[in-house]
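Reading the structure
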Amino acid sequence: MLLTTLAIVVIGGIGGLIAKQIGLPLPYMLGSLLTTSVITVTMPRAIPEGYKAPELFRAIFIGLIGLSIGSRVTLEVLLSLRHALPSFVALTLLVPLMQWSNFQVFRRVGGYDRPTAFFSGTPGGLVEAMLMGEQSGADARLVTMQQFLRIIFVVTLLPVGLSIYYGHPLGSAGGMSLAAKGGGLGHLPELALLMIIGVALGRVAALPAGQLVGPLLIGAIATLTGLVQIEMPGWMLSLAQIVIGSTLGARFHGMNGALILRGAGLAFLSVGSMLLIGCGFAALVHPLTGEPFDVLLISFSPGGVTEMALIALSLQANPAFVSVHHIYRILLTVLMMTLSFKHLRITKSPGSEPGD
């Protein structure tokens, strides 16, 4: 498994470098994901049957992303949240509305059964959606595919759309990075310790998206208290994105092109409707908070925490402000899934197909 994982990461890294040269948003993650997913689908024998990337291996690199975002949480950001109450209220309404809209797309247009439609359409909580969906009787392949496609479309459509609107690249395509300028290896021991504590916190406290949120909280505490200076070199964050993207792409194993094309069409409708809903709420909340419309829009986006944080940098906004909204969105989504879980459990008859 380790050799297979290393090979997948190397291939994903090549895809990430190509995406960087082309100018794609979030190039290392998106490029590696697209490259490994295409190879997985077109050459299924290249990956062993039942392959799954080591969980701890992925957790380390997800934790690095969390630490980098947490290091942006300053006292100034926390004080600014006092004026953001309307945006958090809006998110409380936004999440269930997005969930309802997505359910209509996957149930009525896609013909998925109720559990599959519900967990395919959650606007966050990727891991939780896959786990709860499988336990409720949903088609795990379809839920996995639709959740991954949600993230791909969000981190592609929104950055590209905003870049066209402003007339220049934004986010990672515009050279933005969450890495500290001049960050070297001098603080590597502290980074390793904080990351381990953060991942452990995420597991012990059963935090939603714990591999990301746990290190993010620890990074924020370290920054606010001044106990540790978090300086992460750019190549480390790039490697983290490559590992995450590559291992996600490998999960498309066993899916055929026709299934993915159909799922992509549904994902386009789903993400499109969520972005329109987000636009509407951002327009309503803008005069109440004083925050720019574009900052609220990326705060309300249904995914892509890292890329939205990078776009915030491009817009001269603090990425931690945007990230806090995304954490709240994930928390709301997981709570909604938990409350709905018992009502969605079904027993499928042998041989039944999605949409039966």
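Keep in mind that what you see is a predicted model, and the values were worked out from it rather than measured.

The next point concerns the packing of aromatic side chains. For the structure on display, the rule yields five aromatic pairs. When the centroid spacing of 5.4 Å and the interplanar angle of 75° are considered together, the rings of Phe88 and Tyr328 count as edge-to-face. With Phe88 in helix H5 (residues 85-109) and Tyr328 in helix H15 (residues 319-344), this residue pair connects regions lying 240 residues apart in the sequence.

Now for the side chain of Ser299. Inspection of the secondary structure puts Ser299 in helix H13 (residues 293-299). Overall, the relative accessible area of 0% leaves Ser299 in the buried class. A polar contact is formed between the side chain of Ser299 and the backbone oxygen of Val295, at a distance of 2.8 Å. Not counting chain neighbours up to four residues away, the residues in contact with Ser299 comprise Phe321, Val322, His325 and His326.

Right, let's talk about the confidence of the model for the chain for a bit. For the chain, per-residue confidence averages 81 on the pLDDT scale, and 88% of positions sit at 70 or higher. Across the chain, H5 holds the top mean pLDDT of 94, while helix H14 (residues 305-314) sits lowest at 71. Here residues 346-356 is a poorly scored stretch, pLDDT under 50, and it has 16 contacts once near neighbours within four places are set aside; other chains count.

Ranked by size, the top nonpolar core spans 93 residues in total, and within it Met145, Met232, Ile298 and Phe300 carry the most contacts. The biggest single contributor to this core is helix H12 (residues 257-289), with twelve residues. Leave out the neighbours within four places in its chain, and Ile298 touches Leu158, Leu162, Met308, Ile311, Ala312, Leu315, Val322 and His326. One finds Ile47, Tyr51, Ala53 and Ala250 within the second-largest nonpolar core, a separate group that totals five residues.

With that settled, the discussion passes to the environment of His286. Tracing the chain through its elements places His286 in helix H12. For the pair formed by His286 and Pro86, sequence separation is 200 residues and the distance between their alpha carbons is 9.1 Å. For His286, the side chain forms a polar contact with the main-chain oxygen of Glu291, separated by 2.7 Å.

The next point concerns empty space enclosed by the protein. For the structure shown, the criterion picks out two cavities of 30 Å³ or more. Around the largest cavity, the lining residues are Leu26, Met29, Leu30, Leu33, Ile151, Ile152 and Val155. Residue assignment for the lining of the largest cavity shows that the elements contributing at least two residues are helix H2 (27-42) and helix H8 (140-166). Per-class residue counts for the lining of the largest cavity are seven nonpolar, no polar and no charged. Its volume calculated, the second largest cavity comes out at about 30 Å³. Every residue lining the second largest cavity is listed: Asn102, Phe106, Ser120, Gln146, Arg150, Ala267, Ser270, Val271 and Met274. Sorting the residues of the lining of the second largest cavity by element identifies H5, H8 and H12 as the ones contributing at least two each.

The subject of this paragraph is a nonpolar patch on the surface. Side chains of Val10, Ile14, Ile18 and Ile22 sit close together on the surface and give an oily, nonpolar patch of about 410 Å² of accessible area. The residue Ile22 is located in helix H1 (residues 2-22) in this model.

The next point concerns the packing of H2 against helix H11 (residues 234-249). Running from N to C, H2 and H11 point in directions that differ by 25°, and their axes come no closer than 7 Å. When the axes of H2 and H11 are compared, the pair comes out roughly parallel. Relative to H11, the crossing made by H2 is right-handed. Counted together, Tyr28, Met29, Ser32, Leu33, Thr36, Ser37 and Thr40 of H2 and Ser238, Gln241, Ile242, Ile244, Gly245, Ser246, Leu248 and Gly249 of H11 form the full contact between these two elements. Class assignment of the residues belonging to the contact of H2 with H11 gives a composition of six nonpolar, nine polar and no charged.

Further remarks concern H12. With 33 residues, H12 should cover 48 Å at 1.5 Å per step; its first-to-last C-alpha distance of 45 Å lies within 8% of that length. Maximal helix bending in H12 amounts to about 25°, located at Ala283; proline Pro287 follows within four positions. Just past H12, the residue Gly290 takes up positive phi, approximately 80°.

Right, let's talk about the environment of Ile311 for a bit. As for its position among the elements, Ile311 is in helix H14. We classify Ile311 as buried; its relative accessible area is 0%. Distance in space between the C-alpha atoms of Ile311 and Leu162 is 9.1 Å, their sequence separation being 149 residues.

Conventions adopted
Residues numbered from 1 in each chain as written. Predicted model: local features only at pLDDT ≥ 70, side-chain atom pairs only at ≥ 80, totals over all residues. Heavy atoms only, no water. Phe/Tyr/Trp six-rings, centres within 6.5 Å; stacked < 30°, edge-to-face > 60°. Helix = DSSP H or I, 4+ residues; strand = E, 2+ residues; numbered from the N terminus. Buried < 20%, exposed > 50% of the residue type's maximum accessible area, 1.4 Å probe, protein only. Polar contact = N/O pair within 3.5 Å; in protein donor to acceptor, adjacent residues only side chain to side chain. Contact = heavy atoms within 4.5 Å. pLDDT = per-residue confidence, 0-100. Core = buried A, V, L, I, M, F, W, Y, C linked by side-chain atoms within 4.5 Å. 1 Å grid on protein atoms, 1.4 Å probe; cavity = no way out; pocket = protein on both sides within 12 Å on 5 of 7 lines; lining within 4 Å. Points joined across faces, edges and corners; volume = space filled by probe spheres on them. Nonpolar A, V, L, I, M, F, W, Y, C, P; charged D, E, K, R; others polar. Patch = residues over 30% accessible without salt bridge, like charges linked within 9 Å, V, L, I, M, F, W, Y side chains within 5 Å. Areas by Shrake-Rupley, 256 points an atom, 1.4 Å probe, with all protein chains shown as cover. Salt bridge = Lys/Arg side-chain N within 4 Å of Asp/Glu carboxyl O. Axes fitted to C-alpha atoms, helices over the stretch in contact; angles between N-to-C directions. Parallel < 35°, antiparallel > 145°, perpendicular 65-115°, else oblique. Left-handed = near helix turned anticlockwise from the far one by under 90°. Expected span 1.5 Å × (residues − 1). Bend = angle between axes of the 7 residues up to and from the residue.

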